[in-house]
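# A structural walkthrough
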Amino acid sequence: MRPGKVLIETDDIKQRVSELGEEISRNYHHEKPVLVTVLKGGVIFVSDLIRELSIPVELDFVSVSSYKKREKAAPAKIVQNLSGSVAGKHVIVVENIVDTGSTLNRILQELKDRGAASVEVCCLLDKKCKRKVDVDIRYRGFIIQDNFVVGYGLDYNQRFRNLPHIALLE
Ligand code: IMP
Ligand code: MG
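Parameters and conventions
Residues numbered from 1 in each chain as written. Chains lettered and ligands numbered in written order. Predicted model: local features only at pLDDT ≥ 70, side-chain atom pairs only at ≥ 80, totals over all residues. Heavy atoms only, no water. Near = heavy atom within 4 Å. Polar contact = N/O pair within 3.5 Å; in protein donor to acceptor, adjacent residues only side chain to side chain. Areas by Shrake-Rupley, 256 points an atom, 1.4 Å probe, with all protein chains shown as cover. Helix = DSSP H or I, 4+ residues; strand = E, 2+ residues; numbered from the N terminus. Nonpolar A, V, L, I, M, F, W, Y, C, P; charged D, E, K, R; others polar. Pairing = 2+ DSSP bridges. Axes fitted to C-alpha atoms, helices over the stretch in contact; angles between N-to-C directions.

### Things to note about the site of ligand 1
- Around ligand 1, a shell composed of 15 residues is seen, among which Asp99, Thr100, Gly101, Thr103 and Val149 lie nearest.
- Between an oxygen atom of ligand 1 and a side-chain N or O atom of glutamate 95, the distance comes to 3.2 Å.
- Residue aspartate 99 places a main-chain N or O atom 2.9 Å away from an oxygen atom belonging to ligand 1.
- If ligand 1 stood free it would expose 490 Å²; the protein chains cover 86% of that surface.
- Taken together, the elements giving at least two residues each to the shell around ligand 1 come down to strand 5 (90-98) and helix 3 (102-113).
- At three residues, the largest contribution of residues to the shell around ligand 1 is made by strand 5.
- Among the residues making up the shell around ligand 1, the classes are represented as five nonpolar, five polar and five charged.

The following block contains the structure:
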């Protein structure tokens with residue numbers, strides 16, 4: 001298995017990330033949101049995204065393991081939690097891809113339990129057709145079809161995260 005056809009070009013990612021950054025900056029101009037990034041895949045996205053923001057932000061990270069078998073939504077477990085408090089703070093969860101929604105659902109529940117004042121989601125890719133758990137996505141880069149993709153943080157067995165574009169795995 002290796003990366004094949006390019007699904008989203010580097011320049012198109014850059015353009016869209018910049019638009020998302022502008023939109024977030026506009027909506028949070030009076031706040032200092034905490035960007036909670038989902039490890040490991042979200043690091044590339046968040047590092048580009050924050051450089052498109054004109055507002056101050058805090059960063060934090062969570063890591064979630066899912067016992068996902070192909071096509072099935074399984075309960076996701078938080079294996080590395082936030083380092084700081086989110087109580088009373090406005091949180092934006094930064095995730096590179098939402099598939100069944102179970103990972104995100106677990107994170108949203110945790111953030112609510114910890115007393116976040118508000119929680120919104122920013123994802124680069126949305127595999128909408130695969131959704132099993134309903135999650136609200138406020139900021140979305142691209143909707144994609146049911147294909148396995150790699151690059152820009154997304155891996156196949158920990159490989160190909162470093163590709164600058166999004167490619168289909170072939
Ligand atoms: P969910 O819990 O089913 O929404 O799955 C989300 C997680 O599955 C993401 O954080 C990714 O780690 C992984 N994932 C889902 N689709 C893809 C893909 O096409 N390429 C690489 N990883 C994926
Ligand atoms: Mg993965």
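From this point, things continue past the structure.
### Let's talk about the sheet that holds strand 8 (residues 149-150)
- Spatial ordering of the open sheet is given by 1-9-8, a layout of three strands whose pairing is antiparallel. Unpaired on one side and paired on the other, strand 1 (3-8) and strand 8 mark the two borders of the sheet.
- As defined by bridge partners, strand 8 adjoins strand 9 (residues 166-169) across two bridges and the pair is classed as antiparallel. Bridge pairing links valine 150 to alanine 167 in strand 9.

### A look at the sheet that holds strand 7 (residues 139-143)
- Here we have six strands laid out as an open sheet, ordered 4-3-2-5-6-7, and mixed in their pairing. Single-partner strands in this sheet number two, and they are strand 4 (76-80) and strand 7. The mean angle between the axes of side-by-side strands here comes to 30°, regardless of whether they run parallel or antiparallel.
- For strand 3 (residues 58-66) and strand 4, the ladder comprises four bridges, and the chain directions are antiparallel.

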